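# Architecture at a glance
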Amino acid sequence: MGVKKLELAPYHYFTKAEWSGFRADEPMTLDADDVKRLRALTDPISFTEAEEIYLPLSRLISLYVEATQELHRASTKFLGADGRKVPYIIGVAGSVAVGKSTTSRILKALLSRWPSSPKVDLVTTDGFLYSNQRLDALQLADRKGFPESYDRGALIRFLSDIKSGKPDVKVPVYSHLVYDVIDGEFITIDRPDILIVEGLNILQPGELPKSGKPILFASDFLDFSIFIDADENDLTTWFMERFRRLRETAFADPKSFFHRFTKMSAAEAEAFGMWAWKEINLPNLRDNIQPTRSRADLVLTKGPSHAIERVALRKV
């Protein structure tokens, strides 16, 4: 008799219908206009999906936050430390064009409308990208969005300051209009109850030193993490749809870094968009982003219509 292979399944899997049942009696605090306002340019999230997917998620996170606060109170009592508030940090990861921004904004709106009215802030890791000038000097202009294109030390210092309860922590501002970090411009995050951090590589661990010396990664500061997943073919379609829409809207602004694409023929612009996807975004997805999916606490899998079809929750 052969030895039975041990199979360990790290996730519970749910259909949309099964997941929506976990809403329980939680009231929906957003309306259709809120959802329409919060969704991204080419992410057709519906009010029904917000209610069936994100409302139960909001309820789950409320339970996790409560449990984490209890754990923190126990540890501070044991250590005899002060009981200052420790922000709960949520990471949202996934490919370009998968809908991270919409998920983050919907979640922020739902969480901030809890009965306790918590202070919820949202930042993206875009502000921690090196400037275009710095990327050019490092010969990384065509690897923007790859892990090495970020000032990872600055990101970790920011997360550490937030987690330690430091007030008025500054975050550099990134402009998608000029496609660069704005020199000398910042937003200030002041002791939130919950912080949502959206980023391509927020779940990625770095290489551990062979010496065993303690080292911190951005993912070490996350209390809960979400990965938005989709098939590569669907992501390609969504990226190109977004590129076309931006060419008709934001790129038309003369100040836009991509304004020159409005002067190209449709065929030339299409060819450039596909080049950007195949040569930059797709390799980054395959080499850096997709491998972090298994590190997430929750995986939301989308189908071709952008609708979430399956939910995977890591077993506690």
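Structure: above.
Report follows, based on the coordinates. Residue positions within a chain follow its written sequence, with the count starting from 1. Residue-level local features of this predicted model are given only where pLDDT is at least 70; pairs of side-chain atoms are given and counted only at 80 or more, and the full residue set underlies all totals for whole chains, interfaces and linings. Computation of side-chain values covers all heavy atoms of the structure but excludes hydrogens and water.

Attention now moves to the sheet that holds strand S7 (residues 224-229). Pairing between strands requires that DSSP locate at least two bridges from one strand to the other. Strands here are runs of E lasting at least two residues and helices are runs of H or I lasting at least four, both read from the DSSP assignment and numbered beginning at the N terminus. Spatially, the 7 strands line up as an open sheet ordered S1-S9-S8-S7-S2-S6-S3, and their pairing is mixed. The open sheet has two free edges, formed respectively by strand S1 (11-15) and strand S3 (120-124), since each of these has just one partner strand. Adjacent strand axes in the sheet meet at a mean angle of 20° when their direction is disregarded. Residue contacts are defined here by distance: any two heavy atoms, one from each residue, within 4.5 Å place the two residues in contact. The convention used is that axes are lines fitted to C-alpha atoms, helices contributing only their stretch in contact, and that angles between N-to-C directions extend from 0 to 180 degrees. Sheet contacts for helix H3 (residues 47-79): strand S2 (88-94), strand S6 (194-198), S7, strand S8 (298-302) and strand S9 (308-314); angle to S9, the most-contacted strand, approximately 10°.

So, about the environment of Ser75. When you line up the elements, Ser75 lands in helix H3. The buried label goes to any residue with under 20% of its type's maximum accessible area, the exposed label to any with over 50%, and the partly exposed label to all in between, with areas taken from a 1.4 Å probe on protein chains only. Relative accessible area serves as the criterion here: at 31%, Ser75 is assigned to the partly exposed category. Between the C-alpha atoms of Ser75 and Asn233, which are 158 residues apart in sequence, the distance is 47 Å.

Aromatic pairing here means that ring centres of Phe, Tyr or Trp (its six-membered ring) are within 6.5 Å. Orientation follows from the plane angle: under 30 degrees is stacked, over 60 is edge-to-face, and everything else is tilted. Within the structure shown, the criterion is met by 18 aromatic pairs. Plain terms: the ring middles of Phe14 and Trp19 are 5.7 Å apart, the flat faces sit at 55° to each other, and that makes the pair tilted. Each member of the pair, Phe14 together with Trp19, is buried. Here the aromatic rings of Phe128 and Phe158 are separated by 5.5 Å at their centres, their planes lie at 40°, and the arrangement is tilted. Taken together, the residues span a long stretch of sequence, with Phe128 in the loop between S3 and helix H5 (132-137) and Phe158 in helix H6 (residues 152-163) at a distance of 30 residues. Phe128 sits in the buried class, given a relative accessible area of 4%. Site record: aromatic cluster; members linked through ring pairs are Tyr179, Phe243, Phe251, Phe257, Phe258, Phe261, Phe272 and Trp275. Its guanidinium or amino end placed over the ring of Tyr130, Arg134 lies 5.4 Å from that ring's centre, counting from NZ or CZ. Directly above the aromatic system of Phe257 lies the positively charged group of Arg260, at a separation of 5.2 Å from the ring centroid. Lysine and arginine charges are scored as sitting over a ring when NZ or CZ, respectively, is within 6 Å of the ring centre and within 35 degrees of the ring normal.

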